[in-house]
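Overview (structure and organization)
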Amino acid sequence: MASDPRYGPRLGGARLQVGPGPAARNETLAAFAFNPTTDQGFVVGLPFLGGKLETEFWQVDQAVSSGIDDDVSWRRAGDLVFLAWQTPDDGSTDPSLLAEAGYSRLLTLARRLERPCLLRAWNFMPDINAGDGDQERYRRFCLGRAQALEQAGIHVPELCAGTAIGGRDPVLRLFVLAGSRPGINIENPRQISAYCYPRIYGPRSPSFARATALPLPDGDMLLMISGTASVVGHKTVHEGDLTAQLEEIERNLRSLLNESAARLARPQLGDFGPGSLLRAYVRHQSDWPLVRDHLARAWPGLPVAGLEGDICRSDLLVEIEAVCVG
Ligand code: 3EB
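Residues numbered from 1 in each chain as written. Predicted model: local features only at pLDDT ≥ 70, side-chain atom pairs only at ≥ 80, totals over all residues. Heavy atoms only, no water.

1. Some thoughts on the site of the ligand
Selection criterion: We call a residue near a given molecule or strand whenever any one of its heavy atoms falls within 4 Å of it. In protein, a polar contact requires one atom able to donate a hydrogen and another able to accept it; more generally it is a pair of N or O atoms within 3.5 Å, and residues adjacent in sequence count only if both atoms are side-chain atoms. What sets the accessible areas is the Shrake-Rupley method with a 1.4 Å probe; for residues, cover comes only from the shown protein chains. Each helix is a run of DSSP H or I of at least 4 residues and each strand a run of E of at least 2, with the numbering of both proceeding from the N terminus.
Taken together, 14 residues form the shell around the ligand, and within it Tyr138, Arg145, Tyr197, Arg210 and Cys312 come nearest. In the environment of the ligand, an oxygen atom lies 2.7 Å from a nitrogen or oxygen atom belonging to the side chain of Arg145. Contacts to the ligand include Arg210, whose side-chain N or O atom sits 3.0 Å from an oxygen atom. Burial of the ligand by the protein chains amounts to 99% of its free accessible area of 360 Å². Contributions of two or more residues to the shell around the ligand are made by helix H2 (137–151) and strand S9 (161–167).

This is the structure:
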């Protein structure tokens, strides 16, 4: 269905478009500036390793209003809102407390702005792998996040695609895209849903869906794919082997794309086409050339941002997230 300017967007829906540059006639709902020397936008606090995607523009065809409430900065357009909250985190506070405080503010504000449905979340925190066993900072973070979501009445069907990455910047940063209507969550047949991970990975399983699809007013679907790692079932595979982890991630992404194409009856979503974007989080900076070259062979021409970051299991070397449309 083609969009017709005479009728305007359906149900106040904004046409969300994600790209490496600002598109003419669009307004910016949010921009992630990966290379802080070149552009303005939200900072994720991870060193930029390279790639064509220096700034990721999340743009809409509707007027954007913005504000700061309860320490959360928000930007709203049509049926969508983008929310950002950050707090200093020097490692002395239990991440479960910070996550719970941050998520409850974000969720309260999303509800107050009448866009309570989670569509995409990003979490960046210092020293994600510090601490042993259930004291690992990522596991504590998962606990606090799960408690805040539960408190807000958000359960498995209402979770959304996510990313959780560690860095060295002593700041916890949370970003959420929310809307007035729910997205459509897709799970990966090769992986156990993260919210069903067994107890060995921590006191509360991670609260995210493998992908969330957002129906756009013109009939297209925006597919937002979570950080995807070398995990099969619930297990890490190919510990210490970068190339094998990349091959496994490629299989996971292709499987998720096929599943999305089938579930949504959209054959174009079966592979990354024009308009797709990738972010690669790489634990060791020296691994970036191999990651970059692998992605360039697998999906030639796609804009990629390479970021140095710690994956939330210490045995994972790389994680890839994506956005595509079809
Ligand atoms: C995994 O598959 C890798 O806790 O929000 C990926 C994406 C991962 C999101 C999160 C964690 C999160 O379990 C880790």
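2. Re helix H3 (residues 242–263)
Residues three or four positions apart in an α-helix share a direction because the helix packs 3.6 residues into each turn. Stated precisely, the cut-off is as follows: An expected span of 1.5 Å times one less than the residue number is assigned to each helix.
The terminal C-alpha atoms of H3, which comprises 22 residues, lie 31 Å apart, in line with the 32 Å expected from a rise of 1.5 Å per residue. Between the side-chain oxygen of the N-cap and the backbone nitrogen of Thr243 there are 3.3 Å, and the N-cap of H3 in question is Asp241. The first or second residue beyond H3 is Ala265, which carries a positive phi of 55°.

3. Digging into the environment of Asp90
Cut-off, in case you're wondering: For the exposure calls, accessible area comes from a 1.4 Å probe over protein chains only, and a residue counts as buried if that area is under 20% of its type's maximum, exposed if over 50%, partly exposed in between.
When you line up the elements, Asp90 lands in the loop between strand S7 (80–88) and helix H1 (95–112). By relative accessible area, which is 65% here, Asp90 ends up exposed. Spatially, the C-alpha atoms of Asp90 and Ala148 are 22 Å apart, while their sequence positions differ by 58 residues. There is a polar contact of 2.6 Å between the side chain of Asp90 and the side chain of Ser92.

4. Focus: the packing of H3 against helix H4 (residues 288–298)
The cut-off we apply is this: In this analysis an axis means a line fitted to C-alpha atoms, helices contributing only their contacting stretch, and an angle means the value between N-to-C directions, from 0 to 180 degrees. The crossing is said to be left-handed when, going from far helix to near helix, the turn is anticlockwise and less than a right angle, and right-handed when the turn is clockwise. Contacts: residue pairs with any heavy atoms within 4.5 Å of one another. When residues are grouped by polarity, Ala, Val, Leu, Ile, Met, Phe, Trp, Tyr, Cys and Pro land in nonpolar, Asp, Glu, Lys and Arg in charged, and all others, Gly among them, in polar.
Viewed as axis vectors pointing N to C, H3 and H4 meet at an angle of 35°, and their least axial separation amounts to 11 Å. Viewed along their axes, H3 and H4 form a crossing whose handedness is right-handed. Between H3 and H4, the contacting residues are Leu242, Thr243, Leu246, Glu247, Glu250 and Arg254 on the first element and Leu290, Val291, His294 and Ala298 on the second. Residue classes in the contact of H3 with H4 are distributed as 5 nonpolar, 2 polar and 3 charged.

5. Digging into the pattern of salt bridges
The test is simple: By salt bridge we mean one thing: a side-chain nitrogen of Lys or Arg within 4 Å of a carboxyl oxygen of Asp or Glu.
In this structure the tally under the stated criterion is 24 salt bridges. In this structure, Asp271 and Arg254 form a salt bridge, with 3.5 Å as the shortest nitrogen-oxygen distance. Pair noted here: Asp271 is in the loop between H3 and strand S16 (277–282) and Arg254 is in helix H3, with a separation of 17 residues, a long-range link. Under the relative-accessibility criterion, Asp271 is labelled partly exposed at 35%. When its relative accessible area of 29% is taken as the criterion, Arg254 is described as partly exposed. If you follow the salt bridges from partner to partner, you end up with Glu56, Arg120, Arg279 and Glu321 in one network.

6. Description of the packing of H1 against H2
The interhelical angle for the contact between H1 and H2, taken along N-to-C directions, is 35°, at an axis separation of 7 Å. Judged by the twist between their axes, the crossing of H1 over H2 is right-handed. Contacts between H1 and H2 involve Pro95, Ser96, Ala99, Glu100, Tyr103, Ser104 and Leu107 from the former and Arg137, Arg140, Phe141, Leu143, Gly144, Arg145, Gln147, Ala148 and Leu149 from the latter. Here the contact of H1 with H2 is built from residues that sort into 8 nonpolar, 4 polar and 4 charged.

7. Details of the sheet that holds strand S1 (residues 17–19)
We count it as follows: Here, a strand pair is defined by DSSP locating no fewer than two bridges between the strands.
With respect to topology, 3 strands assemble into an open sheet ordered S1-S4-S2, the strand pairing being antiparallel. Each edge of the sheet is formed by a strand with only one pairing partner; in this case those strands are S1 and strand S2 (27–33). Across the sheet, the axes of successive neighbouring strands diverge by a mean angle of 20°, strand direction being ignored. Two elements, S1 and strand S4 (residues 55–60), share 3 bridges in a ladder whose sense is antiparallel. What sits directly across from Gly19, in S4, is Phe57.

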